[in-house]
Amino acid sequence: MSTCTHETMTNHHDSGLFAQLSDTLHTWRDRARQRRELTQWTDRDLHDVGLSWSDIVQEAEKPFWRA
């Protein structure tokens, strides 16, 4: 007869899964924030980085889960 200890029954992949989920949520939140900030840029800011308003609109309209 075999006996299972608490240690052998533990799923050691949980922490990796939670870390990956946390990283994904953090990335999504950052994307949403950055896209909101882009819409606040001035014409001079856009000129300085070589972007147009159409570039900003295209980026800002993307869903947060799309890179």
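Residues numbered from 1 in each chain as written. Predicted model: local features only at pLDDT ≥ 70, side-chain atom pairs only at ≥ 80, totals over all residues. Heavy atoms only, no water.

## Observations concerning the overall build of the protein
To keep things clear, this is the line we draw: Numbering of helices and strands runs from the N terminus, with a helix taken as a DSSP run of H or I at least four residues long and a strand as a DSSP run of E at least two residues long. Under the scheme applied here, a residue whose accessible area is under 20% of the maximum for its type counts as buried, over 50% as exposed, and between as partly exposed, the area being computed with a 1.4 Å probe on protein chains only. Each accessible area value is a Shrake-Rupley result obtained with a 1.4 Å probe; residue values ignore everything except the protein chains displayed when judging cover.
Scanning the protein from terminus to terminus reveals 4 helices and 0 strands. Along its sequence from the N terminus, the protein presents helices and strands in the succession α-α-α-α. Out of the 67 residues in the protein, the part that is buried amounts to 6%. Accessible area for the protein stands at about 5900 Å²; split by element, carbon and sulfur atoms hold 56% of it.

## A word on the packing of aromatic side chains
To keep it simple, the criterion reads: Aromatic rings from Phe, Tyr and Trp, with only the six-membered ring used for Trp, were paired whenever their centres fell within 6.5 Å, and each pair was classed as stacked if the ring planes differed by under 30 degrees, edge-to-face if by over 60, and tilted otherwise.
Taken as a whole and judged by the stated rule, the model has 2 aromatic pairs. Between Trp28 and Phe64, the ring centres sit 5.2 Å apart and the planes meet at 65°, which makes this aromatic pair edge-to-face. Here Phe64 lies in the segment after helix H4 (53-60) and Trp28 lies in helix H2 (residues 14-38), a separation of 36 residues in the sequence. Given a relative accessible area of 36%, Phe64 falls into the partly exposed group. Pairing Phe64 with Trp65 gives two aromatic rings, centres 5.0 Å apart and planes at 85°, and the pair type is edge-to-face. Aromatic rings pair up to connect Trp28, Phe64 and Trp65 into one cluster.

## Here we look at the environment of Asp55
Take Asp55: it is sitting in helix H4. Distance from Asp55 to Leu38, taken between C-alpha atoms, is 9.9 Å for residues 17 residues apart in sequence.

## With respect to the confidence of the model for the protein
Convention followed: On a range of 0 to 100, pLDDT expresses the predictor's confidence in each residue.
Per-residue pLDDT for the protein has a mean of 86; in total, 79% of the residues score no lower than 70. Of all the helices and strands in the protein, helix H1 (residues 6-9) carries the lowest mean pLDDT, 56, while helix H3 (residues 43-49) carries the highest, 95.

## Considerations on a nonpolar patch on the surface
Basically, it comes down to this: To count toward a patch, a residue needs a relative accessible area over 30% and no salt bridge; like charges are then connected within 9 Å, while nonpolar side chains (Val, Leu, Ile, Met, Phe, Trp, Tyr) are connected within 5 Å. Salt bridge criterion: a side-chain nitrogen from Lys or Arg within 4 Å of a carboxyl oxygen from Asp or Glu.
Taken together, the side chains of Phe18, Leu21, Leu25, Trp28, Phe64 and Trp65 present a nonpolar region at the surface, about 620 Å² in accessible area. Looking at the element boundaries, Phe18 is found in helix H2. On the basis of relative accessibility, which here comes to 54%, the residue Phe18 falls in the exposed class.

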